[in-house]
Structure formats: C-alpha cells, structure tokens
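The lines below spell out each chain.
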Amino acid sequence: MSPAERLASRIAEAQRPGDVPWHAWDGRDVLAALDANEDGLTVAEAGARLSRHGPNVLPRAKPDGPLTLLWRQINNPLIWVLIASGAVAVAADWHGEGLKNGLVILAVVILNSIIGFVQEYRAGRAIEALTRMMPESITARRAGRRIAVSVADLVPGDVIFVGSGDRVPADARLLHARGLHVEEAALTGESVPTQKTPEATPESAVLGDRLGMLYAGTLVTAGVGTAVVVGTGAATELGRISELLDQVTDLETPLTKALKSIGLWISVGIVVVAVVILAVGVARTVAETGVDLLTALRQTVIFAIALAVGAIPEGLPAIVTIALAIGVHRMSRRRAIVRLLPAVETLGSTTVICSDKTGTLTRNEMTVRSVWTSDGAAFDVEGVGYEPQGAFVRNGEPVAAPPPDVAHLLRAAALCSDASLAQHDGRWTIAGDPTEGALIVAARKVGDHEDALRAHYPRRDAIPFESERQYMATLHPNGDGGWMIVKGAPEVVLERCAGEAPEGGRRQLAALAGAGLRVLAVAERTGLIAERIDEHDVRDLRLLGLIGMIDPPRQEAIDAIAACRRAGIRVKMITGDHQATAAVIGRQLGLIDEGGNAVLGAALGAMDETELRRAAREESVFARVAPEHKLRLVRALQAEGEVVAMTGDGVNDAPALKQANIGVAMGVTGTSVAKEAAAVVLTDDNFASIAAAVEEGRRVYDNLVKSLAFVLPTNIGLALILVAAVAAFPFNAATGELLLPMLPVQLLWINLVAAVALALPLAFEAREPDVMSRPPRPPRAPILSRFIVYRTFMVAALMTIGALTVFLLLRRGLAEASPARAQTGAVTAVIFFQILYLLDCRSLRDSLLRIGLFSNPVLFIGVAVVLVLQALFVYLPPMQRLFGTAPLTPFDLLLCATVGAAAMPLIAIEKRLRRRTRPTAAGP
C-alpha cells in the first residue's frame, strides 16, 4: 500500500478530518489522498465537495432570545413566592386593598426582572468573534487557473496561495514555501512568527511544531506559500476551539451560588411560616369571633401575604446589582473593564490565577539579554522591551562602554536586518520581524541608529532568509571591497565559519539555549570583489559572536505575583512556548525554584484525571500546552475546589477563559475571541492590574456582606412583627378583625425604598485594612457566617420589640391613636432603627469612631434621602392614600427616634466583646 493509500485509509477511519495527522505526510501524498493535484479542482468537483463538506464557515450557536433571558430572571424562588402573594392578594380582595397590593408587588417583580435582563443582554458571544477571524476571499487555483475564491466556498483539495499580510482561510498542508513566516501566537502562544517549510514532521509533534501546516485564522507575516486545503469550517483548528467553547459550562460565581442558597432557604422558610400563621390566624379568628371557616380564611390570608411581602428581601437583587456596578466603575479606573457584573465579586474570591505567558506575564517584545563575542567575552544586556535603554554588564559589573568587538557584532546584526524602530505617543514599537527588532534595539544601545548605518553601509545585494537555508546574508561596501554579513541559526552559520571560534561558539550555544534564550549567530566575510552574492559565497566566514534573546517578564508582573502570594493566591503559568523558555521565565517570575522545570502539554495529555489533578495542584509552570490541555487544567483545579481566574490573549486561550470562574483577557494584544470569552478585559495588558482587581473584588464582597447584614434583619424583623401580631394581638372589637401593625404596601415601602436607599451607601465604604493580607475566602464558605446569622436574629429581635412597642403605645397606651397613625408610627420607628443601625454596619467589628465618622460621605446622602422620603410618606396626602398612612405628631416622632436608638448601645457592647474574643479575625 502506497503512502497516499495509507493516508486515505487514515482519513476514512478518522472520526473527523481534524483528527488526521496531515503534518506527518508528504504534501504530494496529501494531494493524492484528497484526489487532488496542483492544477486545482475543477469547478464541478469543487461544487460537489462544497455540497458534501458544507461552506467554510464556523458553526454559530443560536444565542438566547429575549424571552429566554426574561424567563431566567423570573425563574427564582423568591420571585415565585412574591408573585403568588400578589395573586392571592388580588383574589382575596379584588375591589379593595388586595388589588392595590397586587399591583405594587407586580411592579417590584418587573423592576427586578428588568435589572437582571439588561445585565445578561449585554453579555458577549465568543463564537461570533471567531467568525470574524476569517478573510473574505483568497487566491486559489481551479482547473489550472489562478482565481479569487470566496473563503466560504473553499473545500478540501483546493490549492491556495498565501503571501505576506494574508489571513490563512482554512487549515492547509504546505506544498511550496519561500521565506514563509506565520504568526500563530493566537493559537500556540509563540511570541515570534514561525517559519514554515513543506517538510513532514513527526506525527507526535504539537501544533506549534507542525512546520508544514497552515491554520485558519493565523497571519502570514513574510514570504509566500502554496498549500492544499485539508480542513474547512468546523474541521479546522479554529472549529475545534469553537466546539470546545460550546462544551464549556457557564459556572455560577460564589456570590450567585450563595444568593441562590439564601433565596431558597428564605422561600422555604416563608412558605412554612406563612402556613403556620394562616393556621394560627384562622384558629384564633374562629375561636374568638365565631365566624365560619371560609370567612376566617379570607380575613386571615392578608397576614400570610404581609408575611411574604415583609420577609422577602425585594431590594436585595437591586442592592447586589448596583453594588457590583459600583465595583465595575472602580475597576475601570484601575484599568480592568468588567463585562459581567458577578465577575467583580468572583475576583475577590479567587484562589488560583492561571496565566498565559506571552503578552500577559511577559512584554511580548523580544529583547537581547546576552552577547558573546568570538574572543570568548560574554556580556549581559540590561533593559527590557523595545526602549533603546540599557547598560552592558560583564561579570556582574556594568561597563562604561562595550568593547569594539561587541559594537561591531551588533552593528553587523542590525545591517543584516530589515526591521526598524520608532516611537509613537511615548511608546517604542518595531516594524518588521520581532527578532530583528530586538537586534535593532541592541544596536541602538551601543549608539548605532539603523537608518544611519544603512546610509553609511548601503546594501548592494542580499540573500533573503529561507527556511531551507536558515540564514540571511547581505553585501555592503566597506573600503577594500565587499563586506558580507551572515546571520541565522547558529548550527548552520557555525558550519560555514573557519578557525577555532566555531568550537567555542558551540559550547556557548549550549549554555545560552539551556538558559531558555533564542540564539542567533552572526558572521562576516570581508574583501569580496563582487556586486552580487549567492549561496556559494557563504563560506570561510569569520564568526563575530552569538546573540541570545528572550521575551522578558514584566517587572510589574513579578511584583503582582508576590502580592498575590501574600494574599494567599497561587499563580500558575500556562503557555504554548518551549519548555526551556517557560522554565526560565517561571524562575524569573518566582513561580518555580532554580532547579524546577516546566511540565509539558504532552505529559498532561497522557495523565489520567487523578494524575492531572495532582499536577494542577502541585505544579506551577506548564509549557507546549494545547487549548484542550488548558481547559483540562482549569477543570482539574475546579474539581479541587479552587476558584480559578484564567488570563490570556489568544484564540487558544478562549475555551479556558470561558470555563474558568473568571476569565481575564488582554485588551491591547488580545484577540477579539479572547475578549468575548472573558468576563474581564485589562486595558493595559498588565498582570499587575489583576492584583488591583482582586483587591477591588474583595472590597466589593466585604461591602456586600455588610449590606446583607443590614438588609436581612429588616426582613426577619418584619416577619417577626407579623408573627407576634397574629399570635398575641387582640381583635378589634368594632370590626372583629385582627389589626396588623403594618400593611403589606407599608412593608414594601420599608423593603424597597428605605432599605435600598440606606444599604447602597455601604457599597462606597473604603476597603478594610487587611483585605490583601488575609487568605481568600474558602470557596465553600457560606456568605452568611455564623456571626452574620447571629447578628441578623439579634438585630431583628430588637427591631421587632421596638416597632411593636411604638405601635402598642400609640394605639392603646399613650395616645390611643387611630390604626393608621399607629401603623405609621411603627414604620417610622423601623426607619429610625435602620438609619442608626446603618452606622453600625459600616464595620462589623470596629466602632464608628475608629473607621472615621465622615470617611463615607455617600452614607449621609442616603440618610438624607430616606428622611425626605419618609416625611413624604407620612405627611403627603397622595402618599397617605396610597400607603394608608396618617400624620405623626412631634411627640410621636420623638418616641420613634428614642425606640430606634435603643439598640445602638447593645450592638456597641457586642462589637467590643467580639474584638476581645477574636482580635485577629479577618473580614469586614
């Protein structure tokens, strides 16, 4: 069986075309196996294959429609209990208070649903961004003629032509290449373009090492090539990533999980207590008034409705959403754009950050770090990135000026390059190949400007870099004849050098490569009497030296990783780059020890789930990692109970970004796919911004806990008020009905208007001093700690006693007021209680004086708003008709304020005792 026939058999056996190792087969065999040739397919055959394989477009998942999004907001236990309460209210009293109560409850449901709907509607779609990576047309050969073909019409077997600046339209096997370089960073994480050759590579080669393959969505940066299409649409590498995105599960954040749990328990509790209240109320009504069971049920159902309205924290979704939105605004000022609101709090709960290397932890700017000259002198080069600043260091000591042989080496390297350096808006950038850009920057550091060099030594001729040759040569005039400069792969250049220097160069090459540096050799030949050069002239060279370069880590990333470590957050680097390079960067970042190494993606692929979870837990640097490996690592960490933040900028990062609890994309160098898959986008591509975002996320979480500690006692207290009334209040002798201390619409007023306006200022509280020195909150830790639960019931009991005291004193004790006035007094007492308790909630451990009375001016604005609204609630006639209120006298107001303040000394004592018993406790 011929190679082409064996390949055809592999194609037939493969579950999908993307599983075929095209890179391991000769291009001619690939053509034969696809029943194609270099003249291209006929129009008829191309049409038949298009019908069979489908258009060359990525499948797009149907997004959720508006009705689906709206249903998601309504399908919540708390909302269902609220809707049921409104329906019962309307059914029980269609022409009276029941209709008004039902309409108010419906308005609350609509408000909450709109807030959630708008939040989800703004979320992006990652797969839609993948389609934008495809070009619109490409040059192909059909029936022996070169024609422009729509990318959507490409089929396996088509012969296509690509050149510098082209976006590769489909996965293809190279047939011919000339100086072809392709930027594959979006798929592989490689920081420099990959040189492509038509030769076959081993079947086990990872994607970044498949030199004979072109992949859809990558960019040709230099040269030209001819290739045969082997995969289109879903069968491409981009299509495989699209499938991975489809398989990713959108995870609930710790906050949404906690709030859902709270909502479920509250709903169950409300239903149980409402049934008990209904039973007790009916029994008391029948026993004490003698009415029939149906009448008693109709009279008592208002108690159950009032309980539901009072106990459900209707304002909680609005408080959480607005508090998160405030966090979003604060994060934007710290260069982190949040696309999904819950991501704010999730960042604060992060326990592990998995980061891509290129452009995230490193600068994505190749930099010369080491220079070795043929006389054996070695120098380190300081400075990072493309800014032409940095000293030369020998044996740990900076030198005033590099010796002439170093300057000559770098001058020659710059002349044998085509890149250029420029400064735009204060930022240094290069035009051309990043490797050559690093050489230009190094030459500037010794005082040689590339434009001046090229003017003084004009280029007469050149042998361009070809992957088959592995070197570039240029010819320049130089006094006594032609000066030929050669730079390229050290193994190739050293073979063409004469003398003893090559042997020393080979030893130094091993040392530089072992340090994870990319190495170039530079050599020269002088005295050439020629106007042109060819490959036969590239011999008898004199070695000038070796140049080692690397994409260096950001200093701010090193500092941020140290800050994360202090905050109890582990950082793991996951990259598609080579193992040695990843290990060097990992050591410089402080992720691994001096003797540590990176774990290869191939090793991850061979691990079972138990081994993978161990590696994910214990290792910190992973190299040559494919998209599916990144996805497995994130899932393994999540299986270990970690809250995972994943950072990245490439298409290859998108599935892991979406799977992670929080995806963080780079805004400057990141692909649109990565940005759409992420929940947070960094505007400065700076890993340090993640540490700032984590700090902000922790502040948001602390303030949300404070908001819950403020809001929940109100709801529990209102429920307790109703329970006490049904169980112990006397019946109205005139009407034969049990008088409620508060009407359902008055309870809604407390929950929505007063509670929300007072709780929101807590979102503006400054961060706690220890926020970045304490460990992350355990992922499974409840948002309501035992202390918060205790505080909730203690405060609720105090509020209940205060409100009932005011109601009874006004109704039957001091004033013998009307029911409306007594109810208004009870509501006002609760409002005063909330205002004063709000001051205590600014810190759940420290006193008001310690945190600063005026450190949060927004709080006083909220208090002023509530006081104005409460005055309208009490004294404005339209509000009196809507809410059933009555005016209060100055004596009534004094009584309400006095009762409202009674709890403050008790809470101050409780705080003092807590500080004494748990002086080092972390938290708000």
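Here the structure is a predicted model, which means the values were calculated and not measured.

Cut-offs used in this document
The written sequence of each chain sets the order in which its residues are numbered from 1. Only residues with pLDDT of at least 70 get local features here, since the model is predicted, and only at 80 or more are side-chain atom pairs given and counted; chain-wide, interface and lining totals rely on the full set of residues. Side-chain measures here rest on the full set of heavy atoms in the structure, leaving out hydrogens and waters. Strands are runs of DSSP state E lasting at least 2 residues, helices are runs of H or I lasting at least 4, and numbering of each runs from the N terminus. Categorising residues by exposure relies on relative accessible area from a 1.4 Å probe, with only protein chains included: less than 20% of the type maximum marks a residue as buried, more than 50% marks it as exposed, and the intermediate range marks it as partly exposed. All accessible-area figures derive from a Shrake-Rupley calculation using a 1.4 Å probe, and residue coverage is judged against the displayed protein chains alone. In this scheme Phe, Tyr and Trp rings, the latter by its six-membered ring, pair at centre separations within 6.5 Å, and the angle between planes marks the pair as stacked below 30 degrees, edge-to-face above 60, and tilted otherwise. Definition of a polar contact: a pair of N or O atoms within 3.5 Å, with one able to donate and the other able to accept a hydrogen when the atoms are protein atoms, and with sequence-neighbouring residues admitted only if both atoms are side-chain atoms. Any Lys or Arg side-chain nitrogen found within 4 Å of a carboxyl oxygen on Asp or Glu counts as a salt bridge. The pLDDT value expresses, per residue, how confident the predictor is, ranging between 0 and 100. Note on contacts: a residue pair is in contact if any heavy atoms of the two residues lie within 4.5 Å. To get an axis, a line is fitted to the C-alpha atoms, and for a helix only the part in contact is used. The angle between two axes follows their N-to-C directions and goes from 0 to 180 degrees. Should an angle fall under 35 degrees it is taken as roughly parallel, and over 145 as roughly antiparallel, whereas 65 to 115 is taken as roughly perpendicular and any remaining angle as oblique. In a left-handed crossing the near helix is turned counterclockwise from the far helix by less than a right angle, and in a right-handed crossing that turn is clockwise. Nonpolar residues are Ala, Val, Leu, Ile, Met, Phe, Trp, Tyr, Cys and Pro. Charged residues are Asp, Glu, Lys and Arg, and all others, Gly as well, are polar. Here a helix's expected span is defined as the number of its residues, less one, multiplied by 1.5 Å. When DSSP finds at least two bridges between two strands, those strands are taken to pair. The set of buried Ala, Val, Leu, Ile, Met, Phe, Trp, Tyr and Cys residues whose side-chain atoms join them within 4.5 Å is what this entry labels a nonpolar core. Definitions used throughout: a 1 Å grid over protein atoms alone; a cavity as a set of points that fits a 1.4 Å probe which cannot get out; a pocket as an open set with protein on both sides within 12 Å along at least five of seven lines; a lining residue as one with an atom within 4 Å of a point. Grid points are joined across faces, edges and corners, and a volume is the space filled by probe spheres set on the points.

Student: Hey, could you run me through the overall build of the protein chain in this one?
Tutor: Helix and strand counts for the protein chain stand at 35 helices and 26 strands. Residues classed as buried in the protein chain amount to 56% of the 924 residues present. Of the accessible surface of the protein chain, which amounts to about 37,300 Å², a share of 58% is contributed by carbon and sulfur atoms.

Student: What's the story with the packing of aromatic side chains in this structure? I'm lost.
Tutor: Remark: the centre distance and the inter-plane angle together describe each pair of aromatic rings, the angle taken between the planes. Scanning the entire structure with this criterion turns up 6 aromatic pairs. Relative to Trp483, the ring of Tyr457 has its centre 5.3 Å away and its plane inclined at 75 degrees; by these criteria the two rings are edge-to-face. Of this pair, Tyr457 sits in the loop between helix H17 (450-456) and strand S16 (461-463) while Trp483 sits in strand S18 (residues 482-488), placing them 26 residues apart in sequence. Neither Tyr457 nor Trp483 differs from the other in exposure class; each is buried. Judged by centre distance (5.3 Å) and plane angle (65 degrees), the ring pair of Trp749 and Phe883 falls under edge-to-face.

Student: Looking at this model, I keep getting lost on the side chain of Arg284. Mind explaining?
Tutor: Inspection of the secondary structure assignment puts Arg284 in helix H10 (residues 254-289). Polar contacts involving the side chain of Arg284 include one to the main-chain carbonyl oxygen of Ala727, which spans 3.4 Å.

Student: Help me understand the pattern of salt bridges in this model?
Tutor: It is possible for side chains of opposite charge to pair when their charged atoms get near one another. If you walk through the whole model with that rule in mind, you get 31 salt bridges. Note that Arg142 and Asp158 form a salt bridge whose closest N and O atoms lie 2.7 Å from each other. Of the two residues, Arg142 is situated in strand S1 (residues 137-142) and Asp158 in the loop between strand S2 (145-150) and strand S3 (159-163); the sequence distance between them amounts to 16 residues. Like Asp158, Arg142 is buried. Residue Arg532 pairs with Asp461 through a salt bridge whose shortest N-O separation is 3.8 Å. Of this pair, Arg532 sits in the loop between strand S19 (518-528) and strand S20 (542-550) while Asp461 sits in strand S16, placing them 71 residues apart in sequence.

Student: What am I meant to see in the confidence of the model for the protein chain here?
Tutor: Predicted coordinates in areas of low pLDDT are best not read in detail. For the protein chain, per-residue confidence averages 82 on the pLDDT scale, and 85% of positions sit at 70 or higher. Per-residue pLDDT, averaged within each element of the protein chain, yields its smallest value for helix H7 (residues 126-131) (39) and its largest for helix H15 (residues 404-415) (96). Low pLDDT, under 50, characterises residues 122-135; the stretch is placed with 45 contacts to residues that sit more than four places away or in other chains.

Student: Before we go on, may I ask you to explain the packing of H15 against helix H16 (residues 434-445) in this structure?
Tutor: Between two packed helices, what matters for the description is the angle formed by their axes and the separation of those axes. Relative orientation of the contacting elements H15 and H16 amounts to 140 degrees, with a least axis distance of 8 Å. Between H15 and H16, the crossing angle belongs to the class labelled oblique. Both H15 and H16 take part in a crossing whose hand is left-handed. Contact with H15, carried on its side by Leu410, Ala413 and Ala414, involves Leu439, Ile440, Ala442 and Ala443 of H16 and no other residues of that element. Its residues placed into classes, the contact of H15 with H16 shows 7 nonpolar, no polar and no charged.

Student: I would appreciate a short explanation of helix H30 (residues 819-840) in the present structure.
Tutor: Since one α-helical turn is 3.6 residues long, residues separated by three or four positions face the same way. For H30, with 22 residues, the first-to-last C-alpha span of 32 Å sits near the 32 Å given by 1.5 Å per residue. With 18 of 22 residues buried, H30 is to be regarded as a mostly interior element.

Student: Explain the sheet that holds strand S25 (residues 662-666) to me, please; I cannot follow it from the model alone.
Tutor: Spatial ordering of the open sheet is given by S8-S26-S25-S24-S9-S21-S23-S22, a layout of 8 strands whose pairing is mixed. Both outer strands of the open sheet, strand S8 (336-338) and strand S22 (599-600), are each paired with one neighbouring strand and no more. Pairing between S25 and strand S26 (residues 680-682): 3 bridges, direction parallel. From the neighbouring strand, Met666 faces S26, where its bridge partner is Leu682.

Student: What is the right way to look at the nonpolar core in this model?
Tutor: Looking at soluble globular proteins, one finds that nonpolar side chains tend to be buried together. Membership of the largest hydrophobic core comes to 75 residues, with the highest contact counts inside it found for Phe710, Met742 and Tyr837. Among the elements that line this core, the one with the most residues is helix H27 (residues 688-728), at 13 residues. Counting residues in each nonpolar core, the second largest holds 73 residues, with Ile353, Tyr471, Leu475 and Leu682 among its members.

Student: I would appreciate a short explanation of the environment of Gly595 in the present structure.
Tutor: As for its placement among the helices and strands, Gly595 is situated in the loop between helix H21 (579-589) and S22. According to the relative accessible area criterion, Gly595 is exposed, its value standing at 77%. With 12 residues separating them along the chain, Gly595 and Ala583 place their C-alpha atoms 9.4 Å apart.

Student: How do you make sense of the packing of H30 against helix H32 (residues 857-875) when you look at a structure like this?
Tutor: Their axes nearest at 11 Å, the elements H30 and H32 cross at an angle of 180 degrees. Taken as axis vectors, H30 and H32 run roughly antiparallel relative to one another. From H30, Thr824, Val827, Thr828, Ile831, Phe832, Ile835, Leu838 and Leu839 reach across to H32, where they touch Leu859, Val863, Val866, Leu867, Gln870, Phe873 and Val874. Classifying every residue of the contact of H30 with H32 by side-chain character gives 12 nonpolar, 3 polar and no charged.

Student: How do you make sense of the pairing of strand S21 (residues 570-574) when you look at a structure like this?
Tutor: It is a general feature of regular strands that their side chains alternate between the two faces of the sheet. S21 sits mainly inside the fold: 4 of its 5 residues count as buried. Strand direction decides the pairing type here: strand S9 (residues 352-355) and S21, joined by 4 bridges, are parallel. From the neighbouring strand, Val352 faces S21, where its bridge partner is Arg570. Across 2 bridges, the pairing between S21 and strand S23 (residues 621-623) is parallel. For Met573, the partnering residue across the bridge sits in S23 and is Val621.

Student: Just checking my understanding: could you explain empty space enclosed by the protein for this structure?
Tutor: Take a probe with the size of a water molecule and roll it over the atoms, and the empty space left behind shows itself. Under the defined criterion, the tally for this structure stands at 4 cavities of 30 Å³ or more. Looking at the second largest cavity, its volume works out to about 40 Å³. Considering the residues around the second largest cavity, the lining is formed by 10 residues, among which Arg518, Ile550, Asp551, Asp577 and Thr581 are closest to the centre. Among the residues forming the lining of the second largest cavity, the class breakdown is 3 nonpolar, 3 polar and 4 charged.

Student: Can you walk me through the pairing of S18 in this structure?
Tutor: The element S18 is extensively covered by neighbouring structure, given that 7 of its 7 residues are classed as buried. The side-chain alternation of S18 yields two buried faces, one formed by Gly482, Met484, Val486 and Gly488 and the other by Trp483, Ile485 and Lys487. If you look at the hairpin formed by strand S17 (residues 471-477) and S18, you'll find 4 residues sitting between the two strands, and Gly479 has a positive phi there, around 70 degrees. Where S18 lies against S19, 6 bridges are found, and the strand directions are antiparallel. By the bridge assignment for S19, Met484 is matched with Arg525.

Student: Would you take a moment to explain unusual backbone geometry for this structure?
Tutor: Generally, phi is negative for residues other than glycine and the peptide bonds are trans, each holding for most cases. The phi dihedral of Asn395 is positive, around 55 degrees, even though this residue is not glycine. You can see Asn395 is positioned in the loop between strand S12 (392-394) and strand S13 (397-398). On the basis of relative accessible area, Asn395 is assigned to the exposed category, the value being 75%. Within the chain, Arg624 stands out as a residue other than glycine whose phi angle is a positive 50 degrees. Position of Arg624 relative to the elements: it lies in the loop between S23 and helix H24 (627-639). A relative accessible area of 9% means that Arg624 is categorised as buried.

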